[in-house]
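Structure assessment
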Amino acid sequence: MSRDGFGSKIGIIAAAAGSAVGLGNIYRFPCELGNNGGGAFLLVYLLIVLCLGVPVMLSEFVIGRKTQKNPIGAFKMLRPKSAWPLVGYMGVVCALVIMAFYSTVAGWTLEYVVKAVGNQFQGKELSVIEQEFADFHNLGWKNVLWQVVFIFMTGFVVFKGVANGIEKYSKILMPLLVLILIVLAIRSVTLPGAGEGLAFLFKPDFTKITGSVLISALGQAFFSLSMGMGVLITYGSYIKKTDNMTTTALSVTMSDTLVAVLAGIVIFPAAFSFGVRPEAGMGLVFSTIPMIFNQMAGGYFFCIIFFVLLAVAALTSTISLLEVIVAYLVEEVHVTRRWATVIASVACILVGVFASLSLKDTSVLRVGGKSFFDFLDFLSANIFLPVGALLIVIFVGWVMGKSKFFDEITNEGQLKLSIKTLIFFIIKFVAPIAIAVIFITGLI
Ligand code: PHE
């Protein structure tokens, strides 16, 4: 069977960056930062991305491109009759878990597009916008409806296949999102009282760094870069044998981090200016951003464009998540791509509905004191992804070994890569120790 591949280098960068850049950057990153001590979180986050981002991402790319398979097939091929394929199964389960709550928020972006078109923010006070957001959650069914629409949209793109589906959609729109974030950032930092927000973001208070801040930053870094659950193994399997994976990993890591930091510069100065608490969670983003547009010339149009682009950013991420499940069903269970897409989408909807409904104030869908939504979020980012990433670097560093890794990242010696020894050293020693230490401190 011939596999789909990415047509060009920009294709794979766009698709991997499309997976990475999403609600994780614009919605989850500010929430985590606000809840975990501001600047201290940012500092730890950036350090993790700087040290671990490219090496972990390359580890996944190498596994994928070497085997040309989905995460489960890849481990089966490299270490048949071992427990390693479990890492791949964990990735598929994790994709389902993330899809379930991610599609809830993705659905909100569609609701907000409709609100923006209907001019429903202009001239409203913050308290009204906040109240309307809360009312929307409490409706329940409307969240579910948008969520289902969003999962259908994802299924549609995934069904059309890798090369002409994913590639086409992610190439043009992401640079536009960056542009509009820059416009928003400029407006945000020039609001009265913005300085306090900038200080919250950029002046780290080191006493705030605790085990739980560390694990949250680690989880957020992996979540944002789509690492630790097989998306990048799957996408790696579509990278051409002549592409330079190291520069690809570098571009993806840099663009993703740029968007996250930009989102921080958009949200916090404005939040402080309007009086939204940094710990406000979901409202932080979904109330603050409409308020910024309220204070802007042309805000009506910018607001529409912004939420459309946010929906697209979310879509390129949900595509990558669904693709992990679909590639597994097609290649390991041998169902057709059409059926695989249907099965995967229905599974995401079945779990996802509970995530959406658990956000109602009166909901009984709670696990260990958290809403089911928060539980899935916590489970994936703080447990699955760190454990997955840990096992992946151990696999590449200790099981696969240096010479195979070098062969793959240098395209069998075609590329000269002076930093390859450093990267391998990080994969073999630094990353496993760092992830394990943070994970264990976080648990304690
Ligand atoms: N990285 C995506 C985002 O930041 C979310 C995601 C996580 C996608 C894991 C795929 C895998 O929005």
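Refer to the structure presented above.
Residues numbered from 1 in each chain as written. Predicted model: local features only at pLDDT ≥ 70, side-chain atom pairs only at ≥ 80, totals over all residues. Heavy atoms only, no water.

Broken down by element type, the protein carries 18 helices and two strands. Considering only C-alpha atoms, the protein reaches an extent of 60 × 50 × 40 Å along its principal axes. Residues counted as buried form 60% of the 444 residues belonging to the protein. Taking the contacts inside the protein whose residues are at least 6 apart along the sequence as the reference set, 82% of them involve residues at least 24 apart. (Helix = DSSP H or I, 4+ residues; strand = E, 2+ residues; numbered from the N terminus. Buried < 20%, exposed > 50% of the residue type's maximum accessible area, 1.4 Å probe, protein only. Contact = heavy atoms within 4.5 Å.)

A few words on the layout of surface pockets. The space that makes up the largest pocket amounts to roughly 860 Å³. Listing elements by their share of the lining of the largest pocket, those giving two or more residues are α2 (23-35), α6 (126-139), α10 (211-224), α13 (282-294), β2 (370-371), α16 (372-400) and α18 (420-443). With six residues, the top contributor of residues to the lining of the largest pocket is α16. A class-by-class count of the residues in the lining of the largest pocket yields 13 nonpolar, 13 polar and 10 charged. Within this model, the second largest pocket holds a volume of roughly 350 Å³. Of all the secondary structure elements, the ones that give two or more residues to the lining of the second largest pocket are α3 (39-67), α12 (245-274) and α18. Partitioning the lining of the second largest pocket into residue classes produces 13 nonpolar, five polar and no charged. (1 Å grid on protein atoms, 1.4 Å probe; cavity = no way out; pocket = protein on both sides within 12 Å on 5 of 7 lines; lining within 4 Å. Points joined across faces, edges and corners; volume = space filled by probe spheres on them. Nonpolar A, V, L, I, M, F, W, Y, C, P; charged D, E, K, R; others polar.)

To continue, consider empty space enclosed by the protein. Taken as a whole, this structure holds four cavities of 30 Å³ or more when the rule is applied. The computed volume of the largest cavity comes to approximately 140 Å³. Considering the residues around the largest cavity, the lining is formed by 16 residues, among which S19, I98, F223, S226 and L321 are closest to the centre. Taken together, the elements giving at least two residues each to the lining of the largest cavity come down to α1 (9-20), α2, α5 (85-117), α10 and α14 (299-332). It is α14 that provides the largest number of residues to the lining of the largest cavity, a total of three residues. Taken together, the residues of the lining of the largest cavity break down into 10 nonpolar, six polar and no charged.

Turning our attention to the side chain of N244. Residue position: N244 is located in the loop between α11 (231-236) and α12. Engagement of the side chain of N244 in a polar contact is seen with the backbone nitrogen of T246, the distance being 3.0 Å. (Polar contact = N/O pair within 3.5 Å; in protein donor to acceptor, adjacent residues only side chain to side chain.)

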